[in-house]
Amino acid sequence: MPFISNTDEQRKEMLAEIGLSADDLFMDIPRELFCKGLNLPEPMSEQQVRGHLAELAGKNYVNLTLFLGGGFYDHFIPAAVPELVGRGEFYTAYTPYQPECSQGTLQAIFEFQSMICRLTEMEAANASMYDGGTALYEAMMMALRITGRNKVVMDDSVNPIYRVMIHSYTRNLRIEMVETNNADGLANRQTILKALDDKTAAVLVANPNFFGCIDDFTDLAAAAHEKGALLIVSCYPISLGILKTPGAMGADIVTGEGQSLGMPMSFGGPYLGFMATRKKYVRQMPGRIVGRTTDKQGRCGFTLTLQTREQHIRREKATSNICSNEALCALTATVYLSLLGKEGLRQTAQLCADKASYAYQRLTAIPGVVPHFKSKWFFNEMVLDVPGDAAEVVGRLIEKGFAAGFPLSRYYKGMENSLLIAVTEKRTKQQIGKLAEELEAVL
Amino acid sequence: MPFISNTDEQRKEMLAEIGLSADDLFMDIPRELFCKGLNLPEPMSEQQVRGHLAELAGKNYVNLTLFLGGGFYDHFIPAAVPELVGRGEFYTAYTPYQPECSQGTLQAIFEFQSMICRLTEMEAANASMYDGGTALYEAMMMALRITGRNKVVMDDSVNPIYRVMIHSYTRNLRIEMVETNNADGLANRQTILKALDDKTAAVLVANPNFFGCIDDFTDLAAAAHEKGALLIVSCYPISLGILKTPGAMGADIVTGEGQSLGMPMSFGGPYLGFMATRKKYVRQMPGRIVGRTTDKQGRCGFTLTLQTREQHIRREKATSNICSNEALCALTATVYLSLLGKEGLRQTAQLCADKASYAYQRLTAIPGVVPHFKSKWFFNEMVLDVPGDAAEVVGRLIEKGFAAGFPLSRYYKGMENSLLIAVTEKRTKQQIGKLAEELEAVL
Amino acid sequence: MKLVFEKSVAGRMGLRITKSDVPTGIHLRDDLLRERPAALPELSELDVVRHYTALSRLNFGVDTHFYPLGSCTMKYNPKVCERIARYPGFAHLHPLLPQLRLGGMLTQGALQVLYEMDLMLREICGMAAFTMQPMAGAHGELTGIMMMAAYHRDRGGKKTTVLIPDSAHGTNPASAAIAGYTVRTVPSDTSGLMSIEALGKMLTDEVAGVMLTCPNTLGLFNPWVKQICELVHGVDGLAYYDGANLNAIAGRVRPGDIGFDIVHLNLHKTFGTPHGGGGPGAGPVGVCEKLLPYLPVSVVVKRQDGTFALEYDRPKSIGYIAPFYGNFAVILKAYIYILMLGREGLERVSENAVLNANYIKEKLKAYYDLPYPQICKHECVLSASRQAEHGIHALDIAKALIDMGFHPPTMYFPSIVKESLMIEPTECESKETMDAFIEAMIEIAKKAETDPDSIKAAPISTPVGRLDETAAARNMDIADL
Amino acid sequence: MKLVFEKSVAGRMGLRITKSDVPTGIHLRDDLLRERPAALPELSELDVVRHYTALSRLNFGVDTHFYPLGSCTMKYNPKVCERIARYPGFAHLHPLLPQLRLGGMLTQGALQVLYEMDLMLREICGMAAFTMQPMAGAHGELTGIMMMAAYHRDRGGKKTTVLIPDSAHGTNPASAAIAGYTVRTVPSDTSGLMSIEALGKMLTDEVAGVMLTCPNTLGLFNPWVKQICELVHGVDGLAYYDGANLNAIAGRVRPGDIGFDIVHLNLHKTFGTPHGGGGPGAGPVGVCEKLLPYLPVSVVVKRQDGTFALEYDRPKSIGYIAPFYGNFAVILKAYIYILMLGREGLERVSENAVLNANYIKEKLKAYYDLPYPQICKHECVLSASRQAEHGIHALDIAKALIDMGFHPPTMYFPSIVKESLMIEPTECESKETMDAFIEAMIEIAKKAETDPDSIKAAPISTPVGRLDETAAARNMDIADL
Ligand SMILES: Cc1ncc(COP(=O)(O)O)c(C=O)c1O
Ligand SMILES: Cc1ncc(COP(=O)(O)O)c(C=O)c1O
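This one's a predicted model, so the numbers in the text were calculated from it and none came from an experiment.

Novice: Whenever I open this one, the sheet that holds strand β12 (residues 420-423) of chain C confuses me. Can you help?
Specialist: Hydrogen bonding along the main chain pairs the strands of a sheet, whether they run parallel or antiparallel. All names here are of chain C. Across the sheet, 3 strands lie side by side as β10-β12-β11; this open sheet has antiparallel pairing. Looking along the sheet, the strands with just one partner apiece sit at the ends: β10 (380-383) and β11 (410-411). As paired elements, β10 and β12 share 4 bridges and run antiparallel to each other. Following the sheet pairing, S383 is matched in β12 by S420. Sitting on the sheet, helix α11 (residues 328-364) touches β10 and β12, and the angle it makes with β10 is about 20°.

Structure representation (structure tokens):
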């Protein structure tokens, strides 16, 4: 067996030494519970699995030019990122319960927490959540605990995938969920303020929102706080290279999907949820937290801290049930952000915005293609209406080698003609031009 | 600049601290020697070079089914090999001049030397040569030094690429080169023994030879030794999983190409030359040698040794001019051999032989396709004659997706119909069958 | 070691960003922009490579050390799995592609992996179907409990409580609680198993289900497990199987055959995917026939024409619990792992995992208290209470092990054993490695009597010694701003 | 650490070999088979991974330490180059493909890399053409001298001698000698440069050529280099440029413009490819117009139709010196490196390399003897002779540096400087790193007077201390059999 070290010889020796037979090992299990052996394929050699999986990989169309986003983006990943994250010492370790022999993981997580705070301009962050959706859900639960209230107001400009997840998770909880309809692509102030009352625990919004539109929630933060509610903002970390931060807007909890920070799209995961908040709320925050402290000799070191919030100590009273999270993805983001650095992230964000606005100009120049919303302030994603069924149009462009965008009819009724188009720094002027030509051709 | 750490700020500081201006740095160079600036492309970003090189890689046809060998083979490489060799501590180090901080490289080379000895059943090996060809050339030079003679006998069943290399290298040296014509695919005893006299320094042969034929040189070793000459055998390491070793045959120097031990074909390099010999000849051996010794506390450690043979000490009197060799490739071979191990290498060699003989049966069953040589003893490569120009036939099969073999007319006149066909453990029964069908079809 | 921020030098750059090929600097409204760029470090690529390479070298991992962390199944992670997960055909696949018109045809390879993984896990666990979406074990628990709730809701029953043994992992009660259930704890009996009488008494009509880990966190297999499932079914409750310890019985006993209705697995434990310093993992959940309608959407199905598709129209589904199809790359690695083991492989896995655990248990029982002396499964739990009499606690033993080149076992869990040391060698480790570990443990036991101070001083070989955890909690220095 | 053989356990296997799908066990004549299988280790994949991971951690490398090894130009090796070299489109390309009928069309991407690399190196060095085949610097030297010989042979001249300065690297005389030439050594003058009078005297008609390293191994640029080339040409000799030190003048001065006829480069030095613990490298050789006919075969050419092809029919060629086209993967990495630097990049490289070397030189000259105080180029050579008076030699300083976390400089080379320490920081290193190194060097210089024994005892932080080299040479324990 490839992944079993002991030889038959050694097994015999060991059994002899402890005076057992192979059958004894399982004698504590009632006979009738044994199965008759599994119907699984014959073991494959490494050579065979590589052949088999190369064949399956070949059945996935990864050569389409992607203008597909929806919260998950095709950003450039520097080669040094996987090289470093791929070091065995990182990925074959587990949760750093033993700090003295886990300083590598611990310091990296501490740096991650710090970078998330610096990106969002918040005071505290945790070691990671599963993804952007569960992070937003956990933020909502956290707000319920903090406020002791049970009403939540969420605008439908928040990623619909996250919204349906939250609906699933809250199905058995006595939570009053008010979902407001966006106002021309932006969080709907009118309806939100109407719903916001002193039973409200939190207001959930996103920036840039699912439509790519940019907003400033300073007003909502003030309004929420006035009612004793919290403002929760879900954000797209790359955009924070240039955009006003949730911290600056007065948000109380900030979450987001970190996939864009160096993780491949990998058909949906593993990704990276992150969460940041104000220091005063840390004890209500879910997930691992790494703190800086010292040893007896005064040497600075890092360790898991505030564990009394967690399931392994508080059990049913824990702030969350999360245990394994996305540590390696957090490391990936940390290395990615270190490589790009202050200026690199700013330039990358600017490039995304520039290329998106170029795409906007090229595409809206096509007869019949018009922006769906009035607000012309978007980051790197936009909603354009096309003549006819958007899903149809996308289908036709796939044959031309383009994943031209995401048809919104799936999540928003009345938007059958609307296409959500994302542009990252990887897209070239030429690709954008080609998309415009092909789109015009298929209309 | 991506690979320059200092900022303009720091450059200014440093210049100030040492009281120089930027121009001063090059004031020792006469003005007229400066060029007017180079005509090179604009710097590319990592994103751009990856795009550019992916495009170039796409212009190489790597999806042909390979029956192409000629001394360079398409063997399976376990994933763990590049993962381990790719650790920065290995590949960003240099020659282990400082043993205390280079024990990783040094022990690995010592293990490599040991494995080469165990494979070939010789007593001593060096740390590596550039490739199989220069290794054979260096072995010949070594024999000249040992015997103080200047005549060499080489059979033309030795890889013709190596033979032409040796001719180039010896062009300015007063060496009498006798090249014998193989006898029906094997080293030509008759002509070799005729040429072998007491002016002869060495006899050069190969096993398996370029035609894939297997031989036993015990007789030639005896004959050579009788005349005070050395027997030099070039070999294919994978074949030593099952074949009689040069050591057992009485060879004095053994060389070979180590590419098959875990190195990709990479369009010709880097590859791995290896050399082994008898203990008594070690001081005449070229290249680095690692030895085992102890420190003052009696701890065992490894260090470069017998350096008085080498250019950095002996200069023009050195046994060779080699300095940088193929250390990382030697490490690759060491990891590869450790993973396959005793049984894995045996099985792999057996598989190669089995699949080759299966191919032999399938292909010679085709009307008009006949073995070129009588000897039916070959390892994983064979010479078959086809009706018509072999080069032509190969051309036609390329269109069918097969690199069906190497036409021998390029190096052997009178072999216009001959094809050298190699089969490794990676080839499947189905691929071999398909080749047979396609070959029959194009004839 | 210095923080990455402390190594930053103003103006330094690690990556050249591609020059823009479009009109640049489009102007977004100033009030929508951040005032100053994010205070990220400014480093060269060399700086970054040295920093994180150096950090990696401060870690113990399976690739460098024996890592018998109980309940975590720290197997060797095959390199081939890492390699294949990087294939562009998988890594560059956008998850929304299959949701485009005809998009399913663009991702047949990935869908086949998910579909076949489901089939293989069904076979291994004896369940009717699996969802691959949960992103860790605890997430799987939550998903399972949500299905439990949906099932009961559907049948109009008003179930309020979930029963969990005191030896259970903390995620079990936490998961049941956040799903909206009241958690009641079932005590263990003297043999370390969940007390059947106690359970009997607690099994009322409010009980929605029981969460069981079998073998439990003491590494003990409960011979009454079938009867327990029947008891639970008796009150119309569901039996939940925490599969984190499946490695002990893989290929031999199937939770579904025993009578469990819901099973979650930890692919990062039983199926050899990397633990990543604390994830990412994957926690697929399997259910019995009657729970099929409640599986999360989407579900991968195979059409008559042999192609694969995603099914969303499932009215009784609990809905989305992940953005897409789970941690695909992790599932992919586990899929490869299972293919390489095959049927016989899985049986060898459990045989060797159990043999290794019993070997360590028997070799150490003379030196450490062994509260439950019977045959154990994949892990054994020792107690340092004998050493505690000399002031040497489980924690001290753990730290001493670090200096001797071993990652410590799990400490102080399960809490029903005082001074517990939970040792899980896994099938991957060799007799030589375990013998070295056993020797170290024996030496520590002796030192505990002869030279306790040296143990109290440990670790001394690490970049830092024991850290002041109370100060950490008090100071809350959790970010460098 | 234990040898891999000592970890072997009979019967253990690390890799499952694919079951044969053809009739197996074909029988080769017994006397053609080996008696017993090769005594290779028997290990699991985990064993192998732990063993070589552990070994790697015993090394200092550029990724882990400052590595100012003089004359070796230990630059940072960009990760992107490693990644691209693994692209299947390059790694899986069989070198014989282009030699098949129409095979050239199957490898256009690879041929383009070789062709464009030739063009770029021509531009950088001012030569007429390059061959990419030499597999290291010394191999390039040999190739260059072989062309020198072919040239003279062609012109019927009977040239017997090659002149080489005493400061030259050992490979120069060794290469000239094995090419069949008599080597005569030209002394350096008091300024550390090759003495022009001495050269003048030695320049007779037998002189085939002169091999020069410029800047030389003292890091000094010879202002008379142009005149030297003229002198050599005066006796109908050829001027050979050892380009191992090109990093000092890259993008500013071109050997070809100076008058050199033959140039070899070390891609693993000037062009950032990894040193691999002692190779593989690449040593392309450039020649002037009149030497073009002698280039090794094959030569990559561009056809009118824009496609690339290999040319073999070159009657005056020295023939094959490598099996194929050189160390392709290494050339590929250097090609990427040059593309990423571009024109301005190369100039910045030499500027920073020279600045860094002079910075270290100036900062240390108060503490160490500096035999040649003038401006240096990419490296500076200090002498420990002052410390030697206290019994602290270059070797001792090197070992002390190891304990302080720095790879030592090159020691005792060039030999014309007593107790030499040859320091080459390269442009990649930052002021912070160099300041730390300078501090360490100063501390050592002080300790040499105050506490020499502590330095004599170094290194103490390494897995082994100073090794008994004489015993090593005496015992010749060079293989574990
Ligand atoms: C018994 C048991 N159940 C559940 C879990 C939770 O799994 P995860 O950490 O993947 O959420 C663990 C993890 O240690 C466990 O040991
Ligand atoms: C000046 C000089 N010339 C030639 C060489 C030989 O280069 P290689 O080691 O690649 O053969 C070196 C290597 O250190 C060198 O420093």
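Novice: Teacher, can you tell me more about the pairing of strand β6 (residues 230-235) of chain A here?
Specialist: Successive residues of a regular strand alternate their side chains across the two faces of the sheet. Residue and element names in this part refer to chain A. Of all the 6 residues making up β6, 6 are buried; the element is thus mostly covered by neighbouring parts of the structure. By the alternation rule, side chains of β6 split into L230, I232 and S234 and L231, V233 and C235, which are all buried. Summarising the sheet, strand β5 (residues 200-207) and β6 pair through 6 bridges and their orientation is parallel. Note that in β6 the partner of V203 across the bridge is L231. The β-α-β motif built from β5, the intervening helix α9 (residues 218-226) and the parallel element β6 has right-handed crossover chirality. Relative to strand β7 (residues 253-257), β6 is paired through 4 bridges, and the arrangement is parallel. The partner of C235 across the bridge, within β7, is G256.

Novice: Would you explain the site of ligand 1 in this entry?
Specialist: Lining the immediate environment of ligand 1, one finds 15 residues, of which S324 of chain A together with S71, D242, H268 and K269 of chain C sit closest. More than one chain reaches ligand 1: the nearby residues come from chains A and C. Between ligand 1 and the protein, one listed contact pairs an oxygen atom with a backbone N or O atom of G137 of chain C at 2.8 Å. Between K269 of chain C and ligand 1, the recorded distance is 2.7 Å, taken from a side-chain N or O atom to an oxygen atom. Here ligand 1 loses 99% of its free accessible area of 390 Å² to cover by the protein chains. For the shell around ligand 1, the secondary-structure elements that each account for two or more residues are α5 (137-154) and α10 (267-270) of chain C. When residues of the shell around ligand 1 are assigned to their parent elements, the largest contribution, 3 residues, is made by α5 of chain C.

Novice: When you look at unusual backbone geometry in this model, what are you seeing that I'm missing?
Specialist: Glycine aside, negative phi is the norm for most residues, and most peptide bonds take the trans geometry. Backbone torsion omega between G279 of chain C and P280 of chain C reads 5°, so that peptide bond is classified as cis. Inspection of the secondary structure puts P280 of chain C in the loop between α10 and β7 (285-287). The step from F413 of chain D to P414 of chain D runs through a cis peptide bond, and the omega angle for that step is -5°. When you line up the elements, P414 of chain D lands in the loop between β11 (410-411) and β12 (420-423). Even without being glycine, S71 of chain D reaches a positive phi, approximately 75°. Given a relative accessible area of 7%, S71 of chain D falls into the buried group.

Novice: Before we go on, may I ask you to explain the sheet that holds strand β14 (residues 406-407) of chain B in this structure?
Specialist: Residues and elements named next belong to chain B. Spatially, β11-β12-β15-β14 is the arrangement adopted by the 4 strands of the open sheet, whose pairing is antiparallel. At either end of the open sheet lies a strand with only one pairing partner, and these are β11 (370-371) and β14. Here helix α12 (residues 327-364) sits on the sheet in contact with β11, β12 (381-385) and β15 (418-422), set at roughly 10° to β12.

Novice: In this structure, what is going on with the site of ligand 2? I would like to understand it.
Specialist: Lining the immediate surroundings of ligand 2 are 15 residues, of which S324 of chain B together with S71, D242, H268 and K269 of chain D lie closest. Per-site note: the chains with residues close to ligand 2 are chains B and D. Within the backbone of A138 of chain D, one N or O atom sits 2.8 Å away from an oxygen atom of ligand 2. For ligand 2, whose accessible area on its own is 390 Å², the fraction buried by protein is 99%. Taken together, the elements giving at least two residues each to the shell around ligand 2 come down to α5 (137-154) and α10 (267-270) of chain D. Residue contributions to the shell around ligand 2 peak at 3 residues, all from α5 of chain D.

Novice: Before we go on, may I ask you to explain the pairing of strand β8 (residues 299-302) of chain C in this structure?
Specialist: Residues and elements named next belong to chain C. Two strands pair when backbone bridges link them, and β8 and strand β9 (residues 308-311) are joined in this way by 4 bridges, in the antiparallel orientation. Across the sheet, the residue bridging to V301 is A309, located in β9. Counting the residues between successive antiparallel strands, the hairpin from β8 to β9 contains 5 residues, one of them, G306, with a positive phi of roughly 85°.

Novice: Sorry if this is basic, but what is going on with the interface of chain A and chain D here?
Specialist: By a frequent convention, interface size equals the accessible area lost on bringing the separate parts together. Taken together, the contact pairs 19 residues of chain A with 20 residues of chain D. With both sides pooled, the region where chain A packs onto chain D buries about 1500 Å², and carbon together with sulfur makes up 50% of that total. It is P2, S5 and E83 of chain A in chain A that bury the most area against chain D; as a group they hold 31% of the surface buried on that side. At the junction of chain A with chain D, the criterion picks out 2 salt bridges. Residues R57 of chain D and E89 of chain A are paired through a salt bridge, measuring 2.7 Å at the closest nitrogen-oxygen approach. Of all the secondary structure elements, the ones that give two or more residues to the side of chain A that touches chain D are α2 (46-58) and α3 (80-85) of chain A. Partitioning the side of chain A that touches chain D into residue classes produces 8 nonpolar, 7 polar and 4 charged.

Novice: Mind showing me how you'd approach the interface of chain B and chain D here?
Specialist: Contacts between the two partners involve 188 residues from chain B, matched on the other side by 208 residues from chain D. Both faces considered, chain B and chain D share a buried interface measuring about 17400 Å² in area, 64% of it formed by carbon and sulfur atoms. Looking only at chain B, the three residues that lose the most surface to chain D are F3, R118 and F267 of chain B, adding up to 6% of its buried area. In this structure, the connection of chain B to chain D is made through 13 salt bridges. Between R118 of chain B and D480 of chain D there is a salt bridge; the shortest N-O distance is 2.7 Å. The tally of links from chain B across to chain D stands at 83 residue pairs in polar contact (both at pLDDT 80 or more). For the side of chain B that touches chain D, the per-class residue count stands at 97 nonpolar, 52 polar and 39 charged.

Procedures and definitions
Residues numbered from 1 in each chain as written. Chains lettered and ligands numbered in written order. Predicted model: local features only at pLDDT ≥ 70, side-chain atom pairs only at ≥ 80, totals over all residues. Heavy atoms only, no water. Pairing = 2+ DSSP bridges. Helix = DSSP H or I, 4+ residues; strand = E, 2+ residues; numbered from the N terminus. Contact = heavy atoms within 4.5 Å. Axes fitted to C-alpha atoms, helices over the stretch in contact; angles between N-to-C directions. Buried < 20%, exposed > 50% of the residue type's maximum accessible area, 1.4 Å probe, protein only. Right-handed = clockwise from strand over helix to strand, strands pointing away. Near = heavy atom within 4 Å. Polar contact = N/O pair within 3.5 Å; in protein donor to acceptor, adjacent residues only side chain to side chain. Areas by Shrake-Rupley, 256 points an atom, 1.4 Å probe, with all protein chains shown as cover. Buried area = accessible area lost by both parts, 1.4 Å probe. Salt bridge = Lys/Arg side-chain N within 4 Å of Asp/Glu carboxyl O. Nonpolar A, V, L, I, M, F, W, Y, C, P; charged D, E, K, R; others polar.

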